[in-house]
Structures are given as C-alpha cells and as structure tokens.
Amino acid sequence: MTLEKYEDRIIEKRQSHDERFNKYSPYCDFIYYPSSKEPGLRLAMRILKPTEPSPILVTTHGWHMSIPPFEHREEPYGGGNYLVVEVDMRGRAFSDGRPDCNGWELLDVIDAVRFVQDHYQEYISNSQLVYFEGGSGGGGNAYAIIAKFPDFFAAATAMCGISDYALWYEQDEIGEFRDELDVWIGFPPKHNPEAYQSRSGLALAENLLTPLFIAHGDKDIRVPVEHARIYMKRIQELGLSRKVHYLELAGVGTREHWGNASSDQLVQMQEQSEVNRIRNAVPIEIPDKGLFIVAGYLVTKKFAVVLQDLNEVAVLQYDLNSKVFDVAGAKSGYSIYHRDDSKRKKDFWGGLA
C-alpha cells in the first residue's frame, strides 16, 4: 500500500496527446483504454503485474493527484499478490474528459477492470474476484463506487475518505476543494443538495453489500474524521454493522492525512485492510428482490438503472423473479437495462452508452 498517492498534492502536469501511447515492462504496464459511456475519451491506467495469477485490486488516487507515471519494473510491486489496477480519473494528468466527482468517472473505473479482465487473463486467478482500495479523494470514490456497483467488488477499503460532499464543501475553510466542487459538480450544495447526495456514499449507505474496511485519523484536517463517524452512525442505524470494520487512528492527521502516524499504526491499517480482503474472497450476489438507492445510475451484474439526470437520486424496488422494476423519484426519467447472459459482458456495458 503506497499511501503517497492518496495525498492531495498536485504531482503531475497534464500530458500532451503526443505522449500518449501504451508502455510495457515485465511488471508494470501503462495502458490507454476507451470509455464505454463516451467512446471518444482515452483513459489511462497503470497495471502492476503479480508473480502468479492473482485477484484484481483496483485503486484511484487522491483528489488533486493522478496515477504515477510509467516505470519500467523488473520486479513485482509489493508482494506481487495482486494484479493492481491504478486508474487515472478522467480529466487528470493522463486521461481525457472532465472530472465529475463520482459521476461517470466511476464507470471509467469499471471500464478499466473490464479491459484488464479481457486482456490480462493470464495474470488473473478469478476474474470475478475484484477488490477496491482508495484514500482521500480515492476514499470518497470507495464509499460511492461500492454503492453504485453493489455486487462488483468482493471487499473494499476507504481511508480518510469523503462520505458527504456537501459537508466537505462547508468544512473547506480555505477553499482548496470548493473550487473543484463548484466546477466538477456544477454548483455549490445549497443550489442543488440532491446533486451532492448523488455522489456521496453516506446517502447511499443502504446499498452496502460489499464488506468495507474504513480507516481515518482523528486529527485529519483536510478530510475531517466526522466523515467516517457519520457513515458508521448511518450503517448502525441500517443494521449493517457486520459489513463494516472501522479503525480510528488516535492522534493521526495534520494537513497530511497520515501526519503523526506511527509505523505501528500504519502497519495496523495495512494489515486490517488485507484481512478484510482475505476474509471476503467470494464475489457478491444481489438478492432476487429488494431495494436500492439509484444515484444517477445503479449497475449490477443482472441489470442497470440509469437516470436521465446524473444529479438525481431515486429509489428502486425490484423483483427479478417477476421482472418488476419500480423506480420512484426520477423526475427527469430513467432507463432500465437487463443483462442478457447469452451476450458478451461488453455488450451489456456498451448498452449504458
């Protein structure tokens, strides 16, 4: 676990299109892949290959950051126990598009995994065993992506993550995140609270099926610990506590998320994140009937619901046996896509475009 990529420093300048080409080495590749939602976009990821076929571990970077650049590696990353997929979010140093704060940029993450499942099969032990890990901005991605894709990730880790973007907007006293939120979402939360809810894991907590490990320093300035605490409170209200393990790191956090952390605390966090993955090495299956919150869109292995407005939140009640899908609250309309098992996976995902 490289915590540096989850901080909030701007470390990469935007790359020109002339520099954008795939790069390969024994244990690290840098790959461009297309968006299923907007085929004209070229998106980037760095792939760290394992020593033998392994599960997939997906990660996204911090709010102001991008993935690390390509490096020629003759040795595996870490223990070489995962096929690590580091996704460069849209509009960052290496990827086209405009960031949209847990909007379609989360589908880009799924597109990256689908690409890897198709093109790196020899490195994958079980293509359905996919984990997610992120910190800071990536931790905010973690809270939301497991709710918008509730049966995609077998386990996830959210470190110092944003669970409520409206709250984060108000907590940003010096405006270092508000300027992006105003652009990436389009307005401040007081002008459209629902748009902020549609991007926040807190508002989608009842979708939780993925076992989640949360870690947060109690002195964190840039993403205050309140984000983890209010998420845990909501999880307890929903009766989902068995799905979440929370580690609060005492005395940890300055303007650096891990400021004042001891080596023992960092090791404890890494170990508990790994335990969460090891204990949950089984793909998620959604119930045949139930209720989900749809925040712009909801995608499962069996169906997808896509609202006409990414900023809206609706409630889905479904019954797969009777093929009933009741969507309430979608003011701008919606579309429903059904998974046809006779078709290739990419046909289903392509339907979302």
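The following paragraphs examine the structure supplied in this document. (Residues numbered from 1 in each chain as written. Predicted model: local features only at pLDDT ≥ 70, side-chain atom pairs only at ≥ 80, totals over all residues. Heavy atoms only, no water.)

Checked against the element boundaries, Pro69 lands in the loop between β3 (56–60) and β4 (83–88). Sequence separation between Pro69 and Ser136 is 67 residues, and the spatial gap between their C-alpha atoms is 20 Å. (Helix = DSSP H or I, 4+ residues; strand = E, 2+ residues; numbered from the N terminus.)

Gaps left between atoms are located by rolling a probe of water-molecule size over the structure's atoms. Throughout the structure, instances matching the rule amount to three cavities of 30 Å³ or more. The space that makes up the largest cavity amounts to roughly 60 Å³. In this structure, the largest cavity is lined by His61, Gly62, Trp63, Met89, Arg92, Asn102, Glu105, Gly137, Asn141 and Tyr165. The class makeup of the residues in the lining of the largest cavity is three nonpolar, five polar and two charged. Looking at the second largest cavity, its volume works out to about 50 Å³. Surrounding the second largest cavity, Arg114, Gln117, Ser127, Gln128, Val130, Phe152 and Lys301 form its lining. Looking at the lining of the second largest cavity, its residues break down into two nonpolar, three polar and two charged. (1 Å grid on protein atoms, 1.4 Å probe; cavity = no way out; pocket = protein on both sides within 12 Å on 5 of 7 lines; lining within 4 Å. Points joined across faces, edges and corners; volume = space filled by probe spheres on them. Nonpolar A, V, L, I, M, F, W, Y, C, P; charged D, E, K, R; others polar.)

Two aromatic rings are characterised by how far apart their centres lie and by the angle between their planes. Taken as a whole and assessed by the stated rule, the structure comprises 20 aromatic pairs. Aromatic pair Tyr120 and Tyr123: ring centres 6.0 Å apart, planes at 40 degrees, arrangement tilted. Owing to a relative accessible area of 6%, Tyr120 belongs among the buried residues under this scheme. Residue Tyr123 is classed as partly exposed on the basis of its relative accessible area of 22%. What links up through ring pairs into an aromatic cluster is the set Trp63, Tyr165, Trp168, Phe177 and Trp184. (Phe/Tyr/Trp six-rings, centres within 6.5 Å; stacked < 30°, edge-to-face > 60°. Buried < 20%, exposed > 50% of the residue type's maximum accessible area, 1.4 Å probe, protein only.)

Now for the state of the cysteines. This structure, assessed with the given rule, holds zero disulfides. Cys101 takes part in no disulfide bond, and the closest cysteine sulfur to it belongs to Cys160, at a distance of 15 Å. (Disulfide = S-S within 2.5 Å.)

Take helix α6 (residues 226–237) next. Given a rise of 1.5 Å per residue, 12 residues ought to cover 16 Å, and the 16 Å separating the end C-alpha atoms of α6 matches this to within 8%. For α6, the complete set of buried residues consists of His227, Ala228, Tyr231, Met232 and Ile235. Projected onto a plane normal to the axis of α6, the buried residues spread over an arc of 125 degrees and lie on a single side. Those residues of α6 that are buried are in contact with α2 (137–148), α3 (165–171), β7 (212–217) and β8 (244–249). Two residues or fewer past α6, Gly239 is found with a positive phi of approximately 70 degrees. (Expected span 1.5 Å × (residues − 1). Arc of directions from axis to C-beta. Contact = heavy atoms within 4.5 Å.)

Burial analysis of strand β12 (residues 313–319) places five of its seven residues in the buried class, the great majority of the element. Relative to β12, strand β9 (residues 289–295) runs antiparallel, the two being bridged by seven bridges. Looking across to β12, one finds that Lys289 is bridged to Asp319. Bridging between β12 and strand β13 (residues 324–328) involves five bridges; their strand directions are antiparallel. Bridge pairing in β13 places Val315 opposite Ala328. Hairpin connection of β12 to β13: four residues between the antiparallel strands, including Lys323 at a positive phi of 55 degrees. (Pairing = 2+ DSSP bridges.)

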